[in-house]
Amino acid sequence: MNVIGQVTVLPQLPEAIGRLSELAYNLYWSWTPHAQALYRDLDAEIWERFQHNPVRVLLEVSQDRLEQAAADPDYLGRYTQVMADFDAYMGKKDTWASKNAAALGPVAYFSMEYGFHESLPIYSGGLGVLAGDHCKSASDLGLPFTAVGMLFHQGYFRQLFNKDGWQEEAYDELDLTTLPIKPALTAGGEEARVSVQIGHRDVHVRVWDLRVGRIRVLLLDANVPENEGEDRKLTARLYGGNQELRVQQYVLLGVAGIRALRALNVPAQVYHMNEGHAALLGLERVRELVETGLDFRTATETVASSTLFTTHTPVPAGNDAFGYDLMDRYLGRWPSLLHTSREELYALARHDQFWDGHWVPTFSMTVFALSMSRAANGVSELHGEVSRDMWKFLYEGAEAREVPIGHVTNGAHNLTFTSQPMRDLLGTVLPDDWTERLEDEEMWKAVEALSDAQLADVQLDMKREMIAFVRRRLREQLTRNGASAADVAGTDGVLSENALTIGFARRFATYKRATLLFRDKARLSRIVNDPERPVQFVFAGKAHPADNPGKAFIQEIYRVSQEPEFRGKIVILENYDMNVARHLVQGVDIWLNNPRRPLEASGTSGMKASFNGSPNFSILDGWWREGYDGTNGWPIGEEREYADLNTQDDADAFSMYQTLETQIVPLYYAPPQPDAEGRSGWRQVVRRAIQTVSPRFSMQRQVIDYVNQYYLPLTERGAALARNGSQRAREIAGWKSWVRQQWPHTSLQASAHLPATARPGERVEVQATVNPAGIKPEELRVEAVLKRGDHFTRVPLTPQGNGHYSAQVPLEDSGLYSVGVRMLPEIEGLSNDLEAGLIKWA
Ligand SMILES: *Cc1c(COP(=O)(O)O)cnc(C)c1O
């Protein structure tokens, strides 16, 4: 036909279900299966085809179907209930924050990626899902909170396996009109635009508004007509491109992110930077203050005092650092904008690294983030320790344990990952308001009351659902790759609902050792093919497009899954995303994780599995090192590191097979031997997993920890330093400059009268002589440091006049003591002892 024009007829929502549109634009639905069902039931085919996207359903559904639903009493009843729940959630006044954190200032949270739902693919893995979950719980708890991120219009990538099991990447251009986002509007009702200079170009940025329950997420988008071609691609792909592009994206996130908050009048008192990606927000905040007349150092003190930095990466290579020449191209103007020098600015980020055969100073995003914050944390206890060790070189003279990086162990958003049948079951024993106090460990003890049969029923349901999903996905993949009809039909026999099923899904970074299971294939085959007690595995995961070793892991698993002895018993699914994650964590019997310790900063997928009664089976790394209690899952390997990777892999693989053969498989298949309450071994582990992991590793607990440990103190500190035109910040900045200048002129000598041996409780005399070079005695802490094994004690020496200091230092217990004396400058109001960065040992 000769087309002379086109017109789209949009379905119109009947009044009776008129608010479906409003709800579609609030991700409240992403953790509310009953709300999702309203859209799915309008058109299940559209729902599946477009990644469970409510906005898309409303754009594509037929008018007839809408009229039908609006006249269906059952549908209307469910609609009314969901909307009432939604209104109650949105209108809730007595939130956790209102009761427990009334003094909390508004938080601005920055992350490069967010994983909220599969229909909004602006995440690559754990970091993004964690950020998305953080936002959801911030909403649940009623925090004053706004998040800032990027709208990647090609997402991360869609993963496809070719016939040989090699990963291929597809980049689909998102149609923004089908996403649950709207242009952010200024007070004047205009679409917000901000601009930022990147290199020599002005890049224009559109700001999108995403509602996540009660909070907002601002998403930056450079793909606007005002920008030149290359600039429009700045927000095309997450973690795509080279270093050059990365720096530009960081400028965008940090600088344009702050400008977006200002353009929309979003209040912010505490700034939370996740990874070094967000660190450049400090530049813009300092610039704002310098513009009001503050000097660079005072402005920097002010900005840092209200900023938290969270590091998520335990490997040095995972921390971006760029050559100075590269930074010059993008930060060239910034020193003058900030009334400082390039040297002073870059010193805040300097990390000397061995590149191409020599040492060069680099601009490390993590070092800059540490400099531009006054609180920092890792994401599990062990990761805190690893981080302190990794960054201790920045704190010369300090012990690793003193490095001011704490930890908040990660959690996951329970409701996003817990299946509706499991939620219904939990609702039968937990109090009515259980979804509002997920962090309450006492409350979760009620899970003991669930019977074996109740759990078994729900878990079988979830497993069937997962198996059907796996078969559907494999069928699609085989059909696309031109497999024979027989092979396609064969997918009907993949996986058995009666076999012990183990899930493994995550990014295929090599440290996660996806192929460790295959280290002894003969042994694996005996485990899998045991006729009485079969075991099967489901794998999924993406490798970064540039990570060929990661892709080789995928291919190896794919090949094993094609071998006759493993066919239908080991499978690997394409395109791991939040949808695949939900199906797997809900449907498998056990969750497996075998990273190379200590490289898993936290890990979160095992938490999601435990919420659903799939106990965790993992290396004692990240969260599991804290979560495992002897009853709620199984460990792999020991609590230790190895010098030799091969030895470590051997030991861990051996432990994994051993535990599977001697503990997990026998327990799973043991005939029920109920105790007095009718409970038997396997389901007892299931109950323990649910009741211990759900509260302690809830995102709710995590966000509460952030509020108490960091957001509240930073609110107060930030305000104290900013008061009266940053008076206190100016004093601290001035004092730091002064002590840094005087420090080289100070001196310290010390002596201790140590007997050859001593008795526990005995005191020894320690003396020091100090030349303070003009630094006031009350601003100098002179102290003895005692080390005995893991024990570390500091005992202040008291001034005796004339620069002499002394103390009687107790040797409290038996053992070999090492004694040292050091001094450091201190004044009130510093965030920690090492803030001035000066320590002198005698
Ligand atoms: C939870 C989740 C992750 C992170 O899992 P880890 O255990 O931290 O590796 C990655 N991707 C998706 C889609 C997830 O849901």
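Residues numbered from 1 in each chain as written. Predicted model: local features only at pLDDT ≥ 70, side-chain atom pairs only at ≥ 80, totals over all residues. Heavy atoms only, no water.

The name given to the chain in an unreviewed UniProt entry is Alpha-glucan phosphorylase, with Deinococcus aerius as the source organism. In its Sequence similarities (unreviewed entry) section, UniProt records this for the chain: "Belongs to the glycogen phosphorylase family." Quoted verbatim from the Catalytic activity (unreviewed entry) field of the UniProt record, the comment on the chain reads "[(1->4)-alpha-D-glucosyl](n) + phosphate = [(1->4)-alpha-D-glucosyl](n-1) + alpha-D-glucose 1-phosphate". (UniProt positions renumbered as here; feature names shortened; annotations may be inferred.)

Caption draft 1: Structural context of the site of the ligand. Close to the ligand lie 14 residues, the nearest being Lys512, Gly603, Thr604, Ser605 and Lys608. For the ligand, an oxygen atom lies 2.6 Å from a polar atom in the side chain of Lys608. Isolated, the ligand exposes 390 Å² of accessible area, and the fraction of that covered by the protein chains is 96%. Counting residues per element, the ones that place at least two in the shell around the ligand are α8 (126-141), α25 (578-587) and α26 (605-611). In the shell around the ligand, the residues fall into five nonpolar, five polar and four charged. For the shell around the ligand, the domains that each give at least three residues are domain 2 (106-410 + 705-722) and domain 3 (434-691). (Near = heavy atom within 4 Å. Polar contact = N/O pair within 3.5 Å; in protein donor to acceptor, adjacent residues only side chain to side chain. Areas by Shrake-Rupley, 256 points an atom, 1.4 Å probe, with all protein chains shown as cover. Helix = DSSP H or I, 4+ residues; strand = E, 2+ residues; numbered from the N terminus. Nonpolar A, V, L, I, M, F, W, Y, C, P; charged D, E, K, R; others polar. Domains from an automatic or database assignment.)

Caption draft 2: Expanded view of the packing of aromatic side chains. Per the counting criterion, the structure on display carries 29 aromatic pairs. Each ring, one from Tyr324 and one from Tyr346, has its centre 4.8 Å from the other, and the planes form 70 degrees; the classification is edge-to-face. Highlighted residues: Tyr324 in helix α13 (residues 324-331) and Tyr346 in helix α15 (residues 342-347), separated in sequence by 22 residues. For Tyr324, a relative accessible area of 15% puts it in the buried group. Ring pairing ties together the aromatic residues Phe504, Phe508, Phe518, Phe537 and Phe539, which thus form one cluster. (Phe/Tyr/Trp six-rings, centres within 6.5 Å; stacked < 30°, edge-to-face > 60°. Buried < 20%, exposed > 50% of the residue type's maximum accessible area, 1.4 Å probe, protein only.)

Caption draft 3: Spotlight on helix α17 (residues 381-391). Burial within α17 is extensive, with eight of its 11 residues counted as buried. Restricting attention to buried positions, one finds in α17 the residues Leu382, His383, Gly384, Val386, Ser387, Arg388, Met390 and Trp391. If you follow the buried residues of α17, they end up packed against β12 (350-355), β13 (358-364), α16 (365-371), β14 (375-378), β15 (406-407) and α27 (622-627). (Contact = heavy atoms within 4.5 Å.)

Caption draft 4: Local environment of unusual backbone geometry. Note the cis peptide between Arg597 and Pro598, where omega equals 5 degrees. One non-glycine residue with positive phi stands out, namely Asn575, at about 55 degrees. With respect to the element layout, Asn575 can be found in the loop between β18 (570-573) and α25. Accessibility expressed as a relative area gives 16% for Asn575, which makes it buried.

Caption draft 5: Focus on the packing of helix α21 (residues 452-480) against α25. Across the interface, α21 lies against α25 with an axial gap of 8 Å and an inter-helix angle of 140 degrees. Classified by the angle their axes make, α21 and α25 are oblique. Viewed along their axes, α21 and α25 form a crossing whose handedness is left-handed. Each of Met462, Lys463, Glu465, Met466, Phe469 and Arg473 in α21 lies in contact with α25, whose residues at this interface are Asn579, Val580, His583, Leu584, Gln586 and Gly587. For the contact of α21 with α25, the per-class residue count stands at five nonpolar, four polar and three charged. (Axes fitted to C-alpha atoms, helices over the stretch in contact; angles between N-to-C directions. Parallel < 35°, antiparallel > 145°, perpendicular 65-115°, else oblique. Left-handed = near helix turned anticlockwise from the far one by under 90°.)

Caption draft 6: View of the pattern of salt bridges. In total, this model carries 68 salt bridges according to the counting rule given. A salt bridge links Asp74 to Arg78; the nearest nitrogen and oxygen atoms lie 3.4 Å apart. Of this pair, Asp74 and Arg78 both sit in helix α6 (residues 73-91), four residues apart, roughly one helical turn. Relative accessible area serves as the criterion here: at 28%, Arg78 is assigned to the partly exposed category. Across the pair Glu284 and Arg259 runs a salt bridge, and its minimum N-O distance is 2.9 Å. (Salt bridge = Lys/Arg side-chain N within 4 Å of Asp/Glu carboxyl O.)

Caption draft 7: Spatial organisation of the side chain of Asn227. With respect to the helices and strands, the residue Asn227 is situated in the loop between β8 (215-221) and α9 (229-232). We classify Asn227 as buried; its relative accessible area is 6%. From its side chain, Asn227 meets the backbone oxygen of His204 in a polar contact 2.8 Å long.

Caption draft 8: Molecular detail of the sheet that holds β12. Strand order in this open sheet of three strands is β11-β13-β12, and the pairing throughout is antiparallel. Two strands bound the open sheet, and with one partner strand each, they are β11 (321-323) and β12. On average, each strand axis in the sheet is inclined to that of its neighbour by 50 degrees, with strand direction left out of account. With six bridges joining them, β12 and β13 adopt antiparallel strand pairing. Looking at β13, one finds that His351 is bridged to Thr362. Docked against the sheet, α13 engages β11, β12 and β13, running at close to 90 degrees with respect to β11. (Pairing = 2+ DSSP bridges.)

Caption draft 9: Geometry of the packing of α8 against helix α30 (residues 699-742). Direction vectors running N to C along α8 and α30 enclose 80 degrees, while the axes themselves pass 9 Å from each other. Compared by their axis directions, α8 and α30 come out roughly perpendicular. Contacts from Leu130, Asp133, His134, Ser137, Ala138, Asp140 and Leu141 in α8 reach Met699, Gln700, Gln702, Val703, Ile704, Tyr706 and Tyr711 in α30. Here the contact of α8 with α30 is composed, by residue class, of eight nonpolar, four polar and two charged.

Caption draft 10: Spatial organisation of the pairing of strand β27 (residues 804-811). Sheet analysis places strand β23 (residues 762-771) next to β27, joined by eight bridges and oriented antiparallel. In the sheet register, Val766 faces β27, and the bridge partner there is Ala807.

Caption draft 11: The sheet that holds strand β26 (residues 798-801), seen in detail. Strands sit in the order β22-β23-β27-β26 across an open sheet of four strands; the sheet is antiparallel. Both edges of this open sheet fall to β22 (747-753) and β26, since each of them pairs with a single strand only. Averaged over neighbouring strand pairs, the angle between their axes works out to 25 degrees when direction is ignored. Of the pairings in the sheet, the one linking β26 to β27 comprises three bridges and is antiparallel in character. Paired with Pro799 across the two strands is Tyr805, which belongs to β27.

Caption draft 12: Layout of the nonpolar core. Of all hydrophobic cores here, the largest spans 204 residues; its most connected members are Phe110, Leu143, Phe145, Leu252, Phe363, Phe537 and Tyr711. Of the residues forming this core, the biggest block, 11 residues, is contributed by helix α10 (residues 243-263). Those residues in contact with Tyr711, other than ones at most four positions away along the chain, are Leu104, Val107, Tyr109, His134, Leu143, Phe145, Val270, His272, Leu308 and Tyr706. Ranked by size, the runner-up nonpolar core spans 29 residues in total, among them Trp735, Val766, Ala784 and Ala836. (Core = buried A, V, L, I, M, F, W, Y, C linked by side-chain atoms within 4.5 Å.)

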